[in-house]
Amino acid sequence: MNMSLDIAWKSLNKKKEELCGDTVEIIKTEDSDILLLSDGMGSGVKANILSTLTTKIMGTMLKNGSSIEECVTTIAKTLPVCKTRQVAYSTFSILQIYKNGEASLIEYDNPGGILIRDGRHKDVPFTVREIEGKIIREYHFTVCCGDYYILMSDGVVHAGVGKACRFGWPRDEVVRYAERYCSYGISSSRLMSILSNRCNKLYDGEPGDDTTVITIKVTASKTVNLFTGPPVKKSDDKRAMEEFFQTPGYKIVCGGTSANIASRYLKKPIKTSLMYYDPDIPPTAEIEGVDLVTEGVLTLNRAAQMLNSYNAGKVDDDFFHRLYGGDGAARVGKILIEDCTHLNLFVGKAINETYQAANLPFDLSIRQRLVEQLVNECRKMGKTVTVKYY
């Protein structure tokens, strides 16, 4: 089944807390993607430790082939029970989507997950069973391209209690709010931002509970190929270009020397632009046969910063305003965040000839560090990344 998951998530810390009591874990196996959300009781350090233990234990067990029963039993025996309330110290949701399109959702004391298909909420039947004294909801269904799935901690449905909403933000209202935007086919990251920002607004900027939103959009696989940096040996230019252009997917070339190599291989001229969308980022260029041509280090550095901000949850309307800008870094960032499921990096390790000609110092590790940042940030987003050096 030619499909991939566009995954986005953000947590809002309870006011005055430095750590969030909710934890999210994304795990990839050979045949599935697993998303875990755990909400630790209380807030701050204690809640963070408990939710982290829950996701790490369950994630490791699921990755190694353990059943849900085994996972829940282990959690029940590992984590303590509150002596006052006689309830578990952490709740959880587990969404596992297999490559063949089959999926399962397991929930314990978290708000029910939401499925939106063709712009409308779709009820999914579930069964209830008891494992080690815990009441578990279990759903089994088949995913479709274009589906949206929303997982959340109870901070979402409590949003606005005592402030904008007397009784919080009920799940039914969350559904209607999400339907409005999903009907436009927006990206998972945009939906996540819309829902999270709405929660923050209802809390008047001071969340009364840790609040986490995970959004998943089922999309067709989207491969992006990015070439940057000249190979160490000029004789490898042709091989690098053959492998780059023969790999299906969107083509990005970053760097002046890299663009010259691509231009020579394709026997097509470089058409430069003088349009500055951002004074700190050099303009893009055009080469017939390449989808996007940008400058190198400055552009990649800004793109890596945008990915880091996104993964750190620093996502608001201003972030998306920058992301949808016309400069090369914004275009690379938007593609990697919203229009990429598989990233192939083709990286040359030679010292840039432009720096050599001008007798300028160039730390080869700069490009290497930027590539490593892109790899790490994209993998945090659940994307499949490969790197080939020349």
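Up top is the structure these notes are about.
Computed from a predicted model, the values in this text were never measured in an experiment. (Residues numbered from 1 in each chain as written. Predicted model: local features only at pLDDT ≥ 70, side-chain atom pairs only at ≥ 80, totals over all residues. Heavy atoms only, no water.)

## Overview of the overall build of the chain
Then, in step 1: What the chain contains, in helices and strands, is 12 helices and 18 strands.
Then, in step 2: Taken over C-alpha atoms, the radius of gyration comes to 23 Å for the chain, in line with the 21 Å a tight globule of 390 residues would show.
Then, in step 3: By principal-axis analysis of the C-alpha atoms, the chain measures approximately 75 × 45 × 40 Å.
Then, in step 4: Taking all 390 residues of the chain together, the buried fraction comes to 53%.
Then, in step 5: Here the analysis covers contacts within the chain between residues at least 6 apart in sequence; of these, 70% occur between residues at least 24 apart.
Then, in step 6: Summed over all atoms, the accessible surface of the chain reaches about 18,200 Å², with 50% contributed by carbon and sulfur.
Then, in step 7: In the chain, the 49 positive side-chain charges and the 48 negative ones have mean positions that sit 2 Å from each other. (Helix = DSSP H or I, 4+ residues; strand = E, 2+ residues; numbered from the N terminus. Rg over C-alpha atoms; globule rule 2.2 N^0.38 Å. Buried < 20%, exposed > 50% of the residue type's maximum accessible area, 1.4 Å probe, protein only. Contact = heavy atoms within 4.5 Å. Areas by Shrake-Rupley, 256 points an atom, 1.4 Å probe, with all protein chains shown as cover. Lys, Arg positive; Asp, Glu negative; His and termini not counted. Charge placed at Lys NZ, Arg CZ, Asp CG, Glu CD.)

## A word on the packing of aromatic side chains
Then, in step 1: This model, assessed by the stated rule, comprises 12 aromatic pairs.
Then, in step 2: On the numbers, 4.9 Å between centres and 75 degrees between planes, the contact of F244 with F245 is edge-to-face.
Then, in step 3: Taking 5.7 Å as the distance between ring centres and 5 degrees as the angle between the ring planes, the aromatic pair formed by F245 and Y265 counts as stacked. Here F245 is found in helix 6 (residues 237–246), whereas its partner Y265 is found in helix 7 (residues 256–266), with 20 residues between them in sequence.
Then, in step 4: Accessibility expressed as a relative area gives 31% for Y265, which makes it partly exposed.
Then, in step 5: A connected cluster of aromatic rings, assembled from ring pairs, spans F227, F244, F245, Y265 and F346.
Then, in step 6: Just above the ring of F320 sits the side chain of R190; from NZ or CZ to the centre is 4.5 Å. (Phe/Tyr/Trp six-rings, centres within 6.5 Å; stacked < 30°, edge-to-face > 60°. Lys NZ or Arg CZ within 6 Å of the ring centre and 35° of its normal.)

## Re the sheet that holds strand 2 (residues 22–28)
Then, in step 1: Read from one edge of the open sheet, 6 strands run 2-3-4-5-9-8, paired in antiparallel fashion. Sheet topology places strand 2 and strand 8 (126–131) at the edges, where each strand pairs with a single neighbour. Across the sheet, the mean angle separating the axes of adjacent strands is 15 degrees when strand polarity is ignored.
Then, in step 2: The pairing of strand 8 with strand 9 (residues 134–142) spans 6 bridges and is classified as antiparallel. (Pairing = 2+ DSSP bridges. Axes fitted to C-alpha atoms, helices over the stretch in contact; angles between N-to-C directions.)

## Some details on the nonpolar core
Then, in step 1: Within the largest apolar cluster, 32 residues are counted, with the highest numbers of intra-cluster contacts made by L226, I252, Y310, L336, L343 and L345.
Then, in step 2: Of all the elements in the fold, those that place two or more residues in this core are strand 12 (223–228), strand 13 (250–254), helix 8 (297–311), helix 9 (317–323), helix 10 (328–338), strand 17 (342–347) and helix 12 (364–380).
Then, in step 3: Counting residues per element, this core draws most heavily on helix 8, which supplies 6 residues.
Then, in step 4: Excluding anything up to four places from it in sequence, L343 contacts V224, L226, L336, C378, T384, V385 and T386.
Then, in step 5: In terms of nonpolar packing, the next biggest core, distinct from the first, is built from 23 residues, L12, C165, V174 and I194 among them. (Core = buried A, V, L, I, M, F, W, Y, C linked by side-chain atoms within 4.5 Å.)

## Notes on the side chain of Q96
Then, in step 1: By the secondary structure assignment, Q96 is in strand 4 (residues 90–98).
Then, in step 2: Among the residues examined, Q96 registers a relative accessible area of 12% and is labelled buried.
Then, in step 3: Within the structure, the side chain of Q96 is placed 3.3 Å from the side chain of Y98, a separation counted as a polar contact.
Then, in step 4: Residues within four places of Q96 in sequence aside, it is in contact with S32, D33, I34, E102, A103 and S104. (Polar contact = N/O pair within 3.5 Å; in protein donor to acceptor, adjacent residues only side chain to side chain.)

## A closer look at the environment of A178
Then, in step 1: Structurally, A178 can be placed in helix 4 (residues 171–182).
Then, in step 2: With a relative accessible area of 0%, A178 lands in the buried category.
Then, in step 3: As for A178 and Y148, which are separated by 30 residues in sequence, their C-alpha atoms are 9.4 Å apart.
Then, in step 4: If we ignore the near neighbours within four places in the chain, the residues touching A178 are I116, I150, L191 and L195.

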